[in-house]
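# Understanding the architecture of this molecule
Letter by letter, the chains look like this.
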Amino acid sequence: MQQPPISGHVYRYILDFLANQPTSEEIAAFRPMPEMQERLKTLLDREKSGVIAAAEKQELDA
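This text gives an overview of the structure that appears in the document.

Cut-offs and rules
- Residues numbered from 1 in each chain as written.
- Predicted model: local features only at pLDDT ≥ 70, side-chain atom pairs only at ≥ 80, totals over all residues.
- Heavy atoms only, no water.
- Helix = DSSP H or I, 4+ residues; strand = E, 2+ residues; numbered from the N terminus.
- Rg over C-alpha atoms; globule rule 2.2 N^0.38 Å.
- Buried < 20%, exposed > 50% of the residue type's maximum accessible area, 1.4 Å probe, protein only.
- Contact = heavy atoms within 4.5 Å.
- Areas by Shrake-Rupley, 256 points an atom, 1.4 Å probe, with all protein chains shown as cover.
- Axes fitted to C-alpha atoms, helices over the stretch in contact; angles between N-to-C directions.
- Parallel < 35°, antiparallel > 145°, perpendicular 65-115°, else oblique.
- Left-handed = near helix turned anticlockwise from the far one by under 90°.
- Nonpolar A, V, L, I, M, F, W, Y, C, P; charged D, E, K, R; others polar.
- Phe/Tyr/Trp six-rings, centres within 6.5 Å; stacked < 30°, edge-to-face > 60°.
- Salt bridge = Lys/Arg side-chain N within 4 Å of Asp/Glu carboxyl O.
- Patch = residues over 30% accessible without salt bridge, like charges linked within 9 Å, V, L, I, M, F, W, Y side chains within 5 Å.

Quick look at the overall build of the chain now. Within the chain one finds 4 helices and 0 strands. For the chain, the C-alpha radius of gyration of 14 Å lies well beyond 11 Å, the compact-globule estimate for 62 residues. In terms of principal-axis extent, the alpha carbons of the chain reach across some 40 × 30 × 15 Å. Within the chain, buried positions represent 10% of all 62 residues. When contacts within the chain are restricted to residue pairs at least 6 apart in sequence, those whose partners lie at least 24 apart make up 24%. Just so you have it, the chain exposes about 5100 Å², and 57% of that area is on carbon and sulfur atoms.

At their nearest, the axes of helix α3 (residues 34–49) and helix α4 (residues 54–61) sit 10 Å apart, and the two run at 125° to each other. For the element pair α3 / α4, the angle class is oblique. The handedness of the crossing between α3 and α4 comes out as left-handed. Of the residues in α4, those touching α3 at R39, L40, L43, L44, R46 and E47 are E56, K57, E59 and L60. Across the contact of α3 with α4, the residue classes break down as 4 nonpolar, no polar and 6 charged.

Right, let's talk about the packing of aromatic side chains for a bit. Here the distance between the centres and the angle between the planes together describe a pair of aromatic rings. Per the counting criterion, the structure on display carries 2 aromatic pairs. Between Y13 and F30, the aromatic rings sit 5.5 Å apart at their centres with planes inclined by 35°, giving tilted as the arrangement. Note that Y13 is positioned in helix α1 (residues 8–19) and F30 in the loop between α2 (24–29) and α3, a separation of 17 residues in sequence. Judged by its relative accessible area of 28%, Y13 is partly exposed. Consider the rings of F17 and F30, whose centres lie 4.3 Å apart with planes at 40°: the pair is tilted. Of the two residues, F17 is situated in helix α1 and F30 in the loop between α2 and α3; the sequence distance between them amounts to 13 residues. Ring pairing ties together the aromatic residues Y13, F17 and F30, which thus form one cluster.

Side chains that differ in charge, positive against negative, can pair when their charged atoms come close. Applying the stated criterion across every chain, the model contains 5 salt bridges. Bridged by salt links that share partners, the residues E47, K57 and D61 form one connected network.

The grouping of Y11, I14, L15 and L18 at the surface amounts to a nonpolar patch, some 360 Å² of accessible area in total. Residue position: Y11 is located in helix α1.

The following block contains the structure:
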C-alpha cells in the first residue's frame, strides 16, 4: 500500500481545524504548524538546487 505524500498528522491537523467550523477570520489566520513550514522550506530548497527526489517532488506538489 502506498502512503500518501502528506503524513497523517498533517491531514489530522487540517481536518481538525475544518471540523471545528472555523469563522472566515480563523480561516484567514490559519497557518501551518512550524514542522510543516520547515518541511516545505526544505522541499523548496531541494527543488531549487535540483537535488529533489521523485517522492519529495510528489510531496511538494501535494
